[in-house]
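# Examining the three-dimensional arrangement
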Amino acid sequence: FRLVATMSTIINKIKGATPYYEPEDESMCPSLSWKQRGIGFGICVFFGFFCSVLSWFVFFNPLKLGVLMTMGNLSSLGGTLFLLGPKKQFQRMFKKTRIGATVCYLIFIVLTLLSALLLRNTGLTLIFSICQYCALIWYGLSYIPYARTVAKKAVSSCVDKV
């Protein structure tokens with residue numbers, strides 16, 4: 001019951017924040033209540049996290065590693081469709097400020113799957129999986145003002161010390 005109460009609080013905050021609120025007719029599931037959308041979002045994110053964690057336990061099987069990791073990332077990203085709707089999600093993904101991060105993320109998803117499913121190359125799958133995570137982090141940072149600038153400075157200062 002505590003989880004449902006927490007989800008309700010989060011959903012009310014999302015509804016109240018104008019950038020994330022959208023009219024009912026633009027959402028993916030207009031018949032769903034905000035509570036149901038929050039539950040759908042939570043399930044997708046939990047499933048995504050579960051798949052991502054599970055993927056590292058099958059590290060030496062490129063097929064399972066690439067597929068599980070990509071399923072996890074796409075499931076987590078897909079969860080936002082419950083809150084924003086596909087139209088608004090894609091508009092935000094391809095905004096000028098994050099189109100590069102979005103395209104890199106999508107390319108590394110494809111490369112991860114190709115290296116796992118077609119090439120069955122563990123090394124390439126691992127490299128593309130790491131790149132996929134990095135692209136996902138860079139994409140996520142694009143939603144936080146000045147976060148990418150701070151991240152660049154942090155990485156730069158670490159590299160300068162080496």
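The structure this text deals with has already been given above.
The notes below deal with the structure included here. (Residues numbered from 1 in each chain as written. Predicted model: local features only at pLDDT ≥ 70, side-chain atom pairs only at ≥ 80, totals over all residues. Heavy atoms only, no water.)

### Structural notes on helix 3 (residues 62–84)
Rule in force here: Numbering of helices and strands runs from the N terminus; a helix is a DSSP stretch of H or I covering at least four residues, while a strand is a stretch of E covering at least two. Expected span of a helix, by definition, is 1.5 Å for each gap between consecutive residues, and there is one gap fewer than residues.
Helix length check: helix 3 (23 residues) gives 33 Å between terminal C-alpha atoms against 33 Å at 1.5 Å per residue, within 8%. Just past helix 3, the residue Gly-85 takes up positive phi, approximately 90 degrees.

### Things to note about the side chain of Ser-129
Keep this limit in mind: In this scheme, a residue with accessible area under 20% of its type's maximum is buried, one over 50% is exposed, and one in between is partly exposed, where area comes from a 1.4 Å probe on protein chains only. Pairs of residues are marked as contacts when any of their non-hydrogen atoms sit within 4.5 Å.
Tracing the backbone through its elements, the reader meets Ser-129 in helix 6 (residues 122–141). Given the relative accessible area of 0%, Ser-129 is considered buried. With residues up to four places along the chain from it excluded, the contact list for Ser-129 reads Leu-65, Met-69 and Thr-112.

### Some details on the environment of Phe-94
Summarising the element assignment, Phe-94 is placed in the loop between helix 4 (86–93) and helix 5 (99–119). Look at Phe-94 and you get partly exposed, because its relative accessible area is 37%. Beyond its immediate chain neighbours, meaning those up to four positions away, Phe-94 contacts Ile-99, Thr-102 and Leu-106.

### Description of the packing of aromatic side chains
Centre-to-centre distance and the angle between the planes together describe a pair of aromatic rings. We apply this condition: A pair of Phe, Tyr and Trp rings is counted when the ring centres sit within 6.5 Å of each other, with Trp represented by its six-membered ring. The angle between the planes then sorts it: under 30 degrees is stacked, over 60 is edge-to-face, the rest tilted. A positively charged side chain is recorded as over a ring if its NZ (Lys) or CZ (Arg) lies within 6 Å of the ring centre. The angle to the ring normal must also be within 35 degrees.
Per the counting criterion, the structure on display carries six aromatic pairs. Ring geometry for Trp-56 against Phe-59: centres 6.1 Å apart, planes inclined by 25 degrees, an arrangement best described as stacked. Judged by its relative accessible area of 24%, Phe-59 falls in the partly exposed class. With a centroid separation of 6.3 Å and 25 degrees between ring planes, the pair formed by Trp-56 and Tyr-133 is classed as stacked. Separated by 77 residues along the polypeptide, Trp-56 in the loop between helix 2 (34–55) and helix 3 and Tyr-133 in helix 6 bring together distant segments of the chain. A relative accessible area of 33% places Trp-56 in the partly exposed class. By way of ring pairs, the aromatic residues Trp-56, Phe-59, Phe-60 and Tyr-133 are connected into one cluster. Over the face of the ring belonging to Trp-34 we find Arg-37, whose NZ or CZ atom lies 4.9 Å from the ring centre.

### Quick word on the environment of Ser-55
Looking at where Ser-55 falls in the secondary structure, it is placed in helix 2. Once the C-alpha coordinates of Ser-55 and Val-67 are considered, the two residues, 12 residues apart in sequence, prove to be 8.0 Å apart.

### Some points on the nonpolar core
For the record, the criterion: Residues enter a nonpolar core if they are buried and are Ala, Val, Leu, Ile, Met, Phe, Trp, Tyr or Cys, with the set joined through side-chain atoms within 4.5 Å.
One finds Leu-77, Met-93, Ala-101, Tyr-105, Ile-109, Ala-135 and Tyr-139 forming the largest nonpolar core, which totals seven residues. Top element by residues in this core is helix 5. It accounts for three residues. In contact with Ile-109, not counting residues within four places along its chain, are Thr-70, Leu-74 and Gln-132.

### Description of the packing of helix 3 against helix 5
The following threshold applies: Only C-alpha atoms enter the line fits that serve as axes; for helices the fit covers just the stretch in contact. Angles between N-to-C directions range over 0 to 180 degrees. Our angle categories are set so that under 35 degrees counts as roughly parallel, over 145 as roughly antiparallel, 65 to 115 as roughly perpendicular, and the remainder as oblique. For a crossing to be left-handed, the near helix must be turned anticlockwise from the far one by less than a right angle; the clockwise case is right-handed. Only Asp, Glu, Lys and Arg are considered charged, only Ala, Val, Leu, Ile, Met, Phe, Trp, Tyr, Cys and Pro nonpolar, and every remaining residue, Gly among them, polar.
Two numbers describe how helix 3 lies on helix 5: the axes approach to 8 Å, and their chain directions differ by 150 degrees. When the axis of helix 3 is compared with that of helix 5, the two are roughly antiparallel. Judged by the sense of rotation from one axis to the other, the crossing of helix 3 with helix 5 is left-handed. Along its contact with helix 3, which presents Pro-62, Leu-63, Gly-66, Val-67, Thr-70, Asn-73, Leu-74 and Leu-77, the element helix 5 presents Tyr-105, Ile-109, Thr-112, Leu-113, Ala-116 and Leu-117. Here the residues of the contact of helix 3 with helix 5 are counted per class, giving 10 nonpolar, four polar and no charged.

### Observations concerning a nonpolar patch on the surface
Definition in use: Residues forming no salt bridge and having over 30% relative accessible area are the ones grouped into patches, like charges within 9 Å of each other and nonpolar side chains (Val, Leu, Ile, Met, Phe, Trp, Tyr) within 5 Å. Only the protein chains shown count as cover for residues, with accessible areas throughout obtained via the Shrake-Rupley method and a probe of 1.4 Å. One speaks of a salt bridge when a side-chain nitrogen belonging to Lys or Arg is within 4 Å of a carboxyl oxygen belonging to Asp or Glu.
On the surface, a cluster of nonpolar side chains totalling about 850 Å² of accessible area is made up of Phe-46, Phe-47, Phe-49, Phe-50, Val-53, Leu-54, Phe-57 and Met-71. Ranked by residue count, the leading element in the nonpolar patch is helix 2, at six residues. Examined against the element boundaries, Phe-57 turns out to sit in the loop between helix 2 and helix 3.

### Here's the deal with the side chain of Asn-73
Using the following cut-off: Between N or O atoms, a polar contact is any pair within 3.5 Å; within protein, one atom must be a potential hydrogen donor and the other a potential acceptor, and residues adjacent in sequence are included only when both atoms are from side chains.
Checked against the element boundaries, Asn-73 lands in helix 3. Side chain to side chain, Asn-73 and Gln-132 meet in a polar contact 2.7 Å long. Those residues within four positions of Asn-73 in sequence are excluded, and the remaining contacts are Ser-52, Tyr-105, Gln-132, Tyr-133 and Leu-136.

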